[in-house]
Amino acid sequence: MKTKYSVAELVPHSGSMSLLDEVIDYGDDWLHAKVTITTDSMFAEEQGVPAIVGIEYLAQAIAAYAGLQERKGGNKPKLGFLLGVRKYICSADFFALGETLILQVQVEMQADNGLSAFNCILKNGDIEATARLNVFQPDDAEQFLQDNS
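Bear in mind that the values here come from a model prediction, so they are computed numbers and not experimental data.

### Quick look at the overall build of the protein chain
Scanning the protein chain from terminus to terminus reveals three helices and eight strands. Taking 149 residues into account, the globule formula puts the C-alpha radius of gyration at 15 Å, and the protein chain, at 15 Å, falls close to it. Expressed along its principal axes, the backbone C-alpha trace of the protein chain runs to roughly 40 × 35 × 30 Å. Looking at the 149 residues of the protein chain, the share that counts as buried comes to 38%. The long-range fraction of contacts in the protein chain, counting pairs at least 24 apart against all pairs at least 6 apart in sequence, stands at 64%. Carbon and sulfur atoms make up 49% of the accessible area of the protein chain, which amounts to about 8,200 Å² in all. The protein chain carries 11 positive and 21 negative side-chain charges, and their two centres are separated by 6 Å.

This is the structure:
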């Protein structure tokens with residue numbers, strides 16, 4: 001299903017740290033997004049963007065999924081935290097300039113306490129990266145940060 005919201009309305013990142021270009025499609029427990037690598041991309045080097053940045057692309061796709069869930073409930077997107085990454089495997093060292101990456105995130109587990117796990121795939125032609133990302137979205141992120149500082 002196509003969303004009526006822009007990435008900026010779904011992901012609580014701003015400026016150059018907002019890395020996604022577009023949410024392509026989504027369902028009840030998944031989301032597809034895309035990002036095009038350009039010379040203006042955050043983290044771009046001569047060879048392109050280092051593949052390790054794929055983790056952040058996938059994390060922001062999860063944030064877009066969470067933002068859609070909040071918007072469907074009539075709420076604003078909330079801050080979330082990447083807790084861990086398991087088995088990030090990428091078939092390339094860099095994402096080349098001009099490439100468009102398709103990000104696919106699928107809910108594996110979602111608990112009532114804000115913890116979730118997502119199976120993730122990043123694709124473009126010959127490039128594929130996979131990972132499992134564990135995330136946490138507290139009800140009140142500011143209070144959570146104050147309580148844990």
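### Digging into the sheet that holds strand 7 (residues 115-124)
Taken in spatial order, the six strands make up an open sheet running 1-2-6-7-8-4, and their pairing is antiparallel. At either margin of the open sheet sits one strand with a lone partner, and together these are strand 1 (22-27) and strand 4 (81-90). Across this sheet, the average inter-strand angle for adjacent strands is 20°, counted without regard to direction. Bridge count for strand 4 against strand 8 (residues 127-136) is seven bridges, and the pairing is antiparallel. Pairing of cysteine 90 across the sheet is with alanine 129, part of strand 8. Contacting strand 1, strand 2 (30-36), strand 4, strand 6 (100-110), strand 7 and strand 8, helix 2 (residues 54-72) crosses the sheet at an angle of about 60° to strand 6.

### Comments concerning the environment of glycine 15
Among the secondary structure elements, glycine 15 is positioned in the loop between helix 1 (7-10) and strand 1. The exposed category is assigned to glycine 15, whose relative accessible area is 62%. Between the C-alpha atom of glycine 15 and that of glutamine 137, which follows or precedes it by 122 residues, the distance is 22 Å.

### Details of the packing of aromatic side chains
Taken as a whole and assessed by the stated rule, the structure comprises four aromatic pairs. Taken together, a centroid distance of 6.3 Å and an interplanar angle of 35° make the contact between tyrosine 57 and phenylalanine 95 tilted. Of the two residues, tyrosine 57 sits in helix 2 while phenylalanine 95 sits in strand 5 (residues 94-95), which places them 38 residues apart along the sequence. Like tyrosine 57, the residue phenylalanine 95 is buried in the burial classification. Through a chain of ring-to-ring contacts, three or more aromatic side chains come together here, namely Phe81, Phe136 and Phe144.

### A word on the state of the cysteines
Enumeration according to the criterion identifies zero disulfides in this entry. Left unpaired, cysteine 90 is separated from the closest cysteine sulfur, that of cysteine 120, by 13 Å.

### Let's talk about helix 2
Between its first and last C-alpha atoms helix 2 spans 27 Å; for 19 residues at 1.5 Å apiece the expected length is 27 Å, and the two agree. Burial runs high along helix 2: 15 of the 19 residues are buried. Glycine 74 sits one or two positions beyond helix 2 and adopts a positive phi of about 80°.

Definitions and limits used
- Residues numbered from 1 in each chain as written.
- Predicted model: local features only at pLDDT ≥ 70, side-chain atom pairs only at ≥ 80, totals over all residues.
- Heavy atoms only, no water.
- Helix = DSSP H or I, 4+ residues; strand = E, 2+ residues; numbered from the N terminus.
- Rg over C-alpha atoms; globule rule 2.2 N^0.38 Å.
- Buried < 20%, exposed > 50% of the residue type's maximum accessible area, 1.4 Å probe, protein only.
- Contact = heavy atoms within 4.5 Å.
- Areas by Shrake-Rupley, 256 points an atom, 1.4 Å probe, with all protein chains shown as cover.
- Lys, Arg positive; Asp, Glu negative; His and termini not counted.
- Charge placed at Lys NZ, Arg CZ, Asp CG, Glu CD.
- Pairing = 2+ DSSP bridges.
- Axes fitted to C-alpha atoms, helices over the stretch in contact; angles between N-to-C directions.
- Phe/Tyr/Trp six-rings, centres within 6.5 Å; stacked < 30°, edge-to-face > 60°.
- Disulfide = S-S within 2.5 Å.
- Expected span 1.5 Å × (residues − 1).

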